[in-house]
Amino acid sequence: MSAMAEHFRVELRSMLRHPSQLLLSYLFPLGFFLFLGAVMPRLNPNATATLVPAFSLFAILTGAILGLPTPLVELRRLGIARAFRVIGVPDRSTVGVPAAANAAHGLLAATAVTVVGVTVFQADAPRHLLAYGLVLLLAAFVFTGLGTLIGVVSNDARVSVLWSQSLFLPSMLLGGLMMPVTALPEGLRRVSSVLPTTHLMRLHDALAFERAPSSAPWVDVLALVATGALAYVIALRLHATEERSASGLRGLWALVALVPLAATMLQS
Amino acid sequence: MSPILEVVALHKRYGDRTVLHGVHLEVERGEIHGLLGPNGAGKTTTLECIEGLRRPDQGQVCFLGAPVVMGRVPRQMGIQLQLSSLPGTMTVDEAIRFVCAYRGTAVPMALVKRMDLTSLGARQYQALSVGQQRRLQLALALMHRPALVILDEPTAGLDVSTRAELHGILRELRSEGTSVLLATHDMAEAETLTDRLTVVIGGRVVASGSARALTAQGEGRTRVTVSTARGGLAKEPAIAGASVRTVADGYVVYDAADTAAAVSALLAKIAALNDSLVDLRIERPSLEDRFLELVRTEAA
């Protein structure tokens with residue numbers, strides 16, 4: 001087995017032993033989904049249309065944005081990253097493998113949401129499973145990229161929580177997960193373009209559920225791929241800079257990764 | 001034979017503060033080389049430059065005849081960092097397989113057994129005692145049979161028996177031809193374990209050589225402690241060639257510059273007093289005495 005595969009296997013299992021990781025990857029998103037899945041269709045029958053795409057994204061978002069940064073901060077703070085470096089673990093593995101393992105857990109949770117949503121809550125099922133799966137993969141790529149970047153730019157766990165929440169809460173409230181973006185006032189609708197969930201929900205609508213697209217899907221795909229790639233590249237670069245300053249300005253790099261998404265504001 | 005590690009004129013600054021002022025260091029093949037210095041002396045920075053983890057401003061590090069490149073830890077080095085850890089939920093077995101996978105070696109079962117890790121296989125890192133964690137970290141540094149092992153204060157915080165066990169392992173490594181560079185604050189450890197020492201104070205090498213040679217170079221005097229059967233010496237302790245340090249409980253303690261002359265004078269005095277010798281102890285100045293002397297000199 002290659003070194004990276006062994007690393008991935010260890011990381012995958014290790015996350016399941018970590019109570020907070022388990023909570024953020026499975027217990028919280030699935031528990032929240034089961035609760036709202038039982039309540040929301042009774043309050044609003046139209047909720048079944050977005051239950052599966054919204055909560056599958058929510059599961060990946062929670063694990064990646066809330067669950068991934070703190071272990072990465074600890075990795076540096078406790079000297080684990082340095083220990084890995086002297087063992088010969090490449091920086092791309094130190095940064096990338098936890099993200100890949102987190103994505104795998106997120107996709108597993110999203111699959112559980114999809115199956116339970118369709119079978120138990122009679123929510124709308126995706127018409128194109130392949131497109132649905134690809135959108136979830138794209139979501140995992142973008143969210144874990146941003147989660148990794150937050151973990152790398154944050155000097156301590158408290159800062160990482162602040163950054164995580166500043167992305168998580170708007171994504172929940174304005175990013176189309178709790179209510180359609182079209183229901184937002186014009187100003188907030190523009191702001192929601194900066195959030196990956198807005199674009200992912202649009203892609204779900206357009207590609208997986210065959211609903212009328214509100215924008216050109218390729219623009220959403222391009223913006224999301226660019227954001228994810230930029231987040232990983234910046235995270236890797238900052239992580240590899242051993243003698244970096246502890247300046248809080250490093251956090252601004254996290255905002256740079258959102259530039260491709262912000263650029264779509266011009267389109268909307 | 002050329003040294004396995006050669007550090008030449010290493011300089012390093014952090015902002016306005018110069019932490020290394022031209023450090024020179026050589027480690028021979030199959031020796032345990034100690035690196036001593038007070039806190040903030042530049043030991044860890046020196047080690048990090050050697051390991052390729054920190055870029056020196058000037059100077060060169062050659063390992064096995066080739067320059068060490070910043071950011072690329074030489075494969076033939078086994079390193080245990082001062083602040084080193086593993087993910088808390090990783091088990092001992094997983095850590096061993098993980099390191100072997102990245103090192104590209106099979107799991108060396110003999111080493112795992114020698115380090116007493118077999119029974120700890122399923123235990124998570126966070127559940128290990130400090131001694132067990134250090135043993136695991138040392139084992140991980142040795143998995144690929146490195147030519148040079150660099151240990152930064154490996155015995156800090158360990159109990160006496162675990163420390164002795166680690167010393168045994170280091171001696172075994174030396175007997176197998178592995179070189180060890182050991183940064184430590186423990187003077188007794190440095191004195192008994194190392195073949196040669198380099199003392200760094202304020203980023204400068206202020207002394208180097210064997211522990212015996214270093215202590216011999218100092219101004220410290222040999223301490224001679226004597227007691228006699230009838231206590232005659234305690235009543236008239238003065239002798240030629242040594243100064244009386246203390247007289248208590250029938251014991252006289254002298255500081256002697258010339259040990260042989262002092263002992264001869266003592267025996268003559270005891271005979272002249274019609275007394276007889278009960279106990280005689282001769283203590284050379286310790287490495288700790290010499291180290292403190294160096295620190296005081298540098299501070300002055």
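Just above sits the structure.
Residues numbered from 1 in each chain as written. Chains lettered and ligands numbered in written order. Predicted model: local features only at pLDDT ≥ 70, side-chain atom pairs only at ≥ 80, totals over all residues.

Asker: Would you take a moment to explain the packing of helix α7 (residues 129-153) of chain A against helix α8 (residues 157-174) of chain A for this structure?
Answerer: Two measures define how a pair of helices packs: the angle their axes make with one another and the distance between the axes. All names here are of chain A. The geometry of α7 relative to α8 is characterised by a closest axis approach of 9 Å and an angle of 150° between their N-to-C directions. For the element pair α7 / α8, the angle class is roughly antiparallel. Crossing of α7 over α8 shows right-handed handedness. Across the interface between the two elements, L146, I150 and G151 of α7 pack against S160, W163, S164 and L167 of α8. (Axes fitted to C-alpha atoms, helices over the stretch in contact; angles between N-to-C directions. Helix = DSSP H or I, 4+ residues; strand = E, 2+ residues; numbered from the N terminus. Parallel < 35°, antiparallel > 145°, perpendicular 65-115°, else oblique. Left-handed = near helix turned anticlockwise from the far one by under 90°. Contact = placed C-beta atoms within 7 Å.)

Asker: Is there a simple way to explain the sheet that holds strand β11 (residues 222-228) of chain B in this structure?
Answerer: Strand pairing in a sheet takes place through backbone hydrogen bonds and is either antiparallel or parallel in direction. Residue and element names in this part refer to chain B. Pairing is antiparallel in the open sheet, where four strands are placed in the order β12-β13-β11-β14. Bordering the open sheet on either side are β12 (242-248) and β14 (277-283), each of which pairs with just one other strand. Strand-to-strand, the axes of this sheet are offset by a mean angle of 20°, without reference to chain direction. Against the sheet, helix α9 (residues 259-272) makes contact with β11, β12, β13 (251-256) and β14, and its axis sits at roughly 15° relative to β11, the strand it touches most. (Pairing = 2+ DSSP bridges.)

Asker: Can you walk me through the pairing of strand β2 (residues 17-27) of chain B in this structure?
Answerer: The side chains of a regular strand alternate between the sheet's two faces. All names here are of chain B. As paired elements, strand β1 (residues 5-14) and β2 share eight bridges and run antiparallel to each other. Counterpart to L5 in the pairing with β2 is V27. Count of turn residues in the β1/β2 antiparallel hairpin: two residues, of which G15 carries a positive phi of about 65°.

Asker: When you look at the interface of chain A and chain B in this model, what are you seeing that I'm missing?
Answerer: Size of an interface, as often reported, equals the accessible area lost when the parts are brought together. At the interface, 20 residues of chain A touch 22 residues of chain B. Of the residues assigned to the side of chain A that touches chain B, the class counts are nine nonpolar, five polar and six charged. (Nonpolar A, V, L, I, M, F, W, Y, C, P; charged D, E, K, R; others polar.)

Asker: Teacher, can you tell me more about unusual backbone geometry here?
Answerer: With the exception of glycine, most residues fall at negative phi, and the peptide bonds are largely trans. The backbone phi angle of Q122 of chain A is positive, close to 50°, even though this residue is not glycine. Q122 of chain A gets classed as exposed once you count the C-beta atoms within 10 Å, which come to 11. In the Ramachandran plot, L64 of chain B falls in the positive-phi region, its phi being about 55° despite a non-glycine side chain. Tracing the chain through its elements places L64 of chain B in the loop between β4 (58-63) and β5 (66-67). Judged by the 17 C-beta atoms lying within 10 Å of it, L64 of chain B is partly exposed. (Buried ≥ 20, exposed ≤ 12 C-beta atoms within 10 Å, placed from the backbone.)

Asker: Just checking my understanding: could you explain the sheet that holds strand β9 (residues 196-201) of chain B for this structure?
Answerer: All names here are of chain B. What the six strands build is an open sheet, ordered β6-β7-β8-β3-β9-β10; its pairing is mixed. Across the chains shown, the open sheet's two edge strands, defined by having one partner strand only, are β6 (77-80) and β10 (204-209). In this sheet, adjacent strand axes meet at a mean angle of 15° when their direction is disregarded. When β6 meets strand β7 (residues 148-152), the two strands line up parallel, connected through four bridges. Each residue of the ladder has a partner; that of M77, found in β7, is L148. Strands β3 (32-36), β6, β7, β8 (179-184) and β9 of the sheet are contacted by helix α1 (residues 43-51), whose axis makes an angle of about 150° with β7.

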